[in-house]
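# Per-entry structural report
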Amino acid sequence: MTDASIPVDPKGQFGTIRLIGQPDLIAHRPESWRFFRLTRIIGAAKAIATQELGADTAHALVAAMSWISDLKGDFTVGWHPSKHRPEFNAIVTRALSIEGETDIEFRLASDF
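This text gives an overview of the structure that appears in the document. Think of each chain on its own: its residues are numbered from 1, step by step along the sequence as written. For a predicted model such as this one, the threshold for reporting local features is a pLDDT of at least 70, and the threshold for listing and counting side-chain atom pairs is 80 or more; totals across whole chains, interfaces and linings nevertheless cover every residue. The basis for the side-chain values is all heavy atoms of the structure; hydrogens and waters are excluded.

### Re the overall build of the protein
For helices the rule is a DSSP run of H or I covering at least 4 residues; for strands it is a run of E covering at least 2, with both sets numbered from the N terminus onward. What the protein contains, in helices and strands, is three helices and five strands. Classification of residues uses two cut-offs on accessible area relative to the type maximum, computed with a 1.4 Å probe and protein chains only: under 20% is buried, over 50% is exposed, and between them is partly exposed. When the 112 residues of the protein are sorted by exposure, 41% land in the buried category. By definition, residues are in contact when any of their heavy atoms lie within 4.5 Å. In the protein, once contacts between residues fewer than 6 apart in sequence are set aside, the share between residues at least 24 apart is 51%. Each accessible area is a Shrake-Rupley estimate made with a 1.4 Å probe; only the visible protein chains count as cover when residues are assessed. Counting only carbon and sulfur atoms, one obtains 55% of the accessible surface of the protein, whose full area is about 6300 Å².

Below, the structure is given as structure tokens:
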């Protein structure tokens, strides 16, 4: 993936990567490393869920994510309301801490 292949908003402030069956990745300043970082957070969350709650829960966690964003260091996860489980927030927060970050906001689809 190159920076040029990432769809960017008209003002060039953020980019979005959409893949079928995966959460959208949204990043301020659409640079490849930012999207790789978001992917690492999802992977870490999936690994934590697999180890602690099993593979089915890990799959459900990823399926429940509508999107994950990093907008100037402000991380947000948007959840599909019908798929979200309260324990998912704690798992993603722990995954984010692996990247050295501590603050994340969670929203249900009805919030945006």
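So, next bit.
### Concerning helix 3 (residues 86-98)
Within helix 3 the residues assigned to the buried category are Phe88, Ile91, Val92, Ala95 and Leu96. All buried residues of helix 3 lie within an arc of 140 degrees about the axis, which places them on one face of the element. The inward-facing, buried residues of helix 3 abut helix 1 (32-53), helix 2 (55-64), strand 3 (65-71), strand 4 (74-79) and strand 5 (104-108). Phi turns positive one or two residues past the end of helix 3, at Gly100, with a value near 80 degrees. Arc definition: it is the arc formed by the directions from the helix axis to the C-beta atoms.

### A few points about the sheet that holds strand 1 (residues 14-17)
Pairing is mixed across the open sheet formed by five strands, whose spatial order is 1-2-3-4-5. Each edge of the open sheet is held by one strand with a lone partner, namely strand 1 and strand 5. Within this sheet the neighbouring strands show an average axis-to-axis angle of 15 degrees, counted without direction. Bridge count for strand 2 (residues 24-28) against strand 3 is four bridges, and the pairing is parallel. If DSSP finds at least two bridges between two strands, the strands pair. Interaxial angle, 0 to 180 degrees, is taken between N-to-C directions of lines fitted to C-alpha atoms, where a helix line uses only the stretch in contact.

### With respect to the pairing of strand 5
Both faces of the sheet carry side chains from a regular strand, because those side chains alternate between them. Bridging between strand 4 and strand 5 involves five bridges; their strand directions are parallel. Counterpart to Gly78 in the pairing with strand 5 is Arg107. Each parallel crossover has a hand, and the one from strand 4 via helix 3 to strand 5 is right-handed. Assignment of crossover handedness uses the view with strands pointing away from the viewer, where a clockwise path from the first strand over the helix to the second indicates a right-handed crossover.

### Examining the packing of aromatic side chains
Each pair of aromatic rings taken from Phe, Tyr and Trp, with Trp reduced to its six-membered ring, is defined by centres within 6.5 Å and is described as stacked if the planes are under 30 degrees apart, edge-to-face if over 60, and tilted in the remaining cases. Going through the model one piece at a time under the given rule, you end up with two aromatic pairs. Ring geometry for Trp79 versus Phe88: centroids 5.8 Å apart, planes at 35 degrees, classification tilted. Through a chain of ring-to-ring contacts, three or more aromatic side chains come together here, namely Trp79, Phe88 and Phe106.

### Regarding the packing of helix 2 against helix 3
Close contact between helix 2 and helix 3 brings their axes to 11 Å; oriented N to C, the two are set at 90 degrees. The orientation of helix 2 relative to helix 3 falls into the category roughly perpendicular. From helix 2, Thr57, Ala60, Leu61 and Ala64 reach across to helix 3, where they touch Phe88, Ile91 and Val92. Broken down by class, the residue content of the contact of helix 2 with helix 3 amounts to six nonpolar, one polar and no charged. By definition in this entry, angles of less than 35 degrees are roughly parallel, angles greater than 145 are roughly antiparallel, angles of 65 to 115 are roughly perpendicular, and the rest are oblique. Think of it as three bins: nonpolar holds Ala, Val, Leu, Ile, Met, Phe, Trp, Tyr, Cys and Pro, charged holds Asp, Glu, Lys and Arg, and polar takes everything else, Gly as well.

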